[in-house]
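Structural description and commentary
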Amino acid sequence: MSDAVETGMPGDTRHPRTPEADVPVLAVDDLVVEHRNRSTGEVFRAVDQVSLRIAAGQSVAVVGESGSGKTTLAMAATGLGPRGSGDIRLLGHSLASIGRGQLRRLRPEVQVVFQDPHGSLDPRQSVRSGLRELRTLQPRRTSWITDADLLGRVRLAPEILDRFPHQLSGGQAQRVCIARALLMRPRLIVADEPTSGLDVSVQADVLALLREIRTTTGAALLMISHDLAVVRAVCDTVHVMFRGQVVEAGPCETVFVTPRHDYTRELLAAMPGARWRNRR
Ligand SMILES: Nc1ncnc2c1ncn2[C@@H]1O[C@H](COP(=O)(O)OP(=O)(O)OP(=O)(O)O)[C@@H](O)[C@H]1O
Ligand SMILES: [Mg+2]
């Protein structure tokens, strides 16, 4: 039997299976991240003793109101923002002990899709030249698919290749961002409010796309959202954040149907009535 892991993508044979394939894609223990207010010097604890795990192929949500620390957590956990204290292991590597070179090699394994797709794309680059740049930076990782096939995966027509970001709708621009992330064949996709900047009419399509990508590529997903409907549509488990702390975590079905924490109940109560019961 081959020791390669098929991802369901034609021409895409994953990295050979190693003992590391069974370690969590992301393991965070007792993470504390503080921000210092530059003008007052005051220190604010944005993430307070948070632990979470994401296994290969798993889809984990972090929900909470604005300012609860979701983005700070995601950026720290992926090595893209201040790391604070605590233990962060990305694909089995402790971020505290790996060198810059090793961190650079890990980078393509984690791709982030942000809320504002236009803000994530270089306005001076056509879609084609942006993809070409990624291919130049990571020739081996990116050779598995042509631009046209890649766009097909995110259901965009090849004509889009010659457009600049300002010539794309919000939904199209977000699909381009997702395509750029996919091109790297990441093990973890972090989606930080990926649909909240989009028109309601295209939100469901982008969510369906993320769900599909998860199934076909086997990439794990860390979804940040304040929208519980989004989380329930895409994720297996949910962590509820309140003032920097995870106050409740578990399978979506359990947390949403039988919430234990008052804050989770409040979040649910803010959503229309009985929509959580017996529906997926
Ligand atoms: N660079 C920074 N300097 C100082 N304070 C910061 C910084 N970044 C975030 N904060 C503060 O940390 C807290 C958590 O911010 P964070 O962006 O993680 O929240 P969030 O849950 O992602 O919110 P939102 O849903 O609005 O995106 C907020 O009070 C925010 O003002
Ligand atoms: Mg945020």
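What comes next is a walk through the structure. (Residues numbered from 1 in each chain as written. Chains lettered and ligands numbered in written order. Predicted model: local features only at pLDDT ≥ 70, side-chain atom pairs only at ≥ 80, totals over all residues. Heavy atoms only, no water.)

Further remarks concern the overall build of the protein. If you tally the helices and strands in the protein, you get 10 helices and 10 strands. Residue burial in the protein is summarised as follows: out of 280 residues, 48% are buried. Intrachain contacts of the protein at a sequence separation of at least 6 include 67% that bridge at least 24 residues. Surface exposure of the protein reaches about 13,800 Å², of which carbon and sulfur atoms provide 50%. (Helix = DSSP H or I, 4+ residues; strand = E, 2+ residues; numbered from the N terminus. Buried < 20%, exposed > 50% of the residue type's maximum accessible area, 1.4 Å probe, protein only. Contact = heavy atoms within 4.5 Å. Areas by Shrake-Rupley, 256 points an atom, 1.4 Å probe, with all protein chains shown as cover.)

Right, let's get into the layout of surface pockets. In this structure, the largest pocket occupies an estimated 480 Å³ of space. Forming the walls of the largest pocket are 22 residues, and the residues nearest its centre are Arg107, Val110, Gln111, Val112 and Leu134. Of all the secondary-structure elements, those providing two or more residues to the lining of the largest pocket are helix H2 (100–106), strand E6 (110–113), helix H4 (127–137) and helix H6 (170–183). If one sorts the elements of the lining of the largest pocket by residue count, E6 sits on top with four residues. (1 Å grid on protein atoms, 1.4 Å probe; cavity = no way out; pocket = protein on both sides within 12 Å on 5 of 7 lines; lining within 4 Å. Points joined across faces, edges and corners; volume = space filled by probe spheres on them.)

Taken as a whole and assessed by the stated rule, the structure comprises one cavity of 30 Å³ or more. In this model, the largest cavity occupies a volume close to 30 Å³. Along the walls of the largest cavity sit Ile189, Leu210, Ile213, Arg214, Ala219, Ala220 and Leu221, which together make up its complete lining. At the level of elements, helix H7 (200–217) and strand E8 (220–225) are the ones that each hand at least two residues to the lining of the largest cavity. Tallying contributions element by element places H7 first for the lining of the largest cavity, with three residues. Along the lines of polarity and charge, the residues of the lining of the largest cavity split into six nonpolar, no polar and one charged. (Nonpolar A, V, L, I, M, F, W, Y, C, P; charged D, E, K, R; others polar.)

Side chains Val110 and Val112 project from E6 onto one buried face, and the interleaved Gln111 and Val113 project onto a second face that is buried too. Looking at chain direction, E6 and strand E7 (residues 188–192) are connected through four bridges and run parallel. Residue pairing for E7: Val110 is matched across the bridge by Leu188. (Pairing = 2+ DSSP bridges.)

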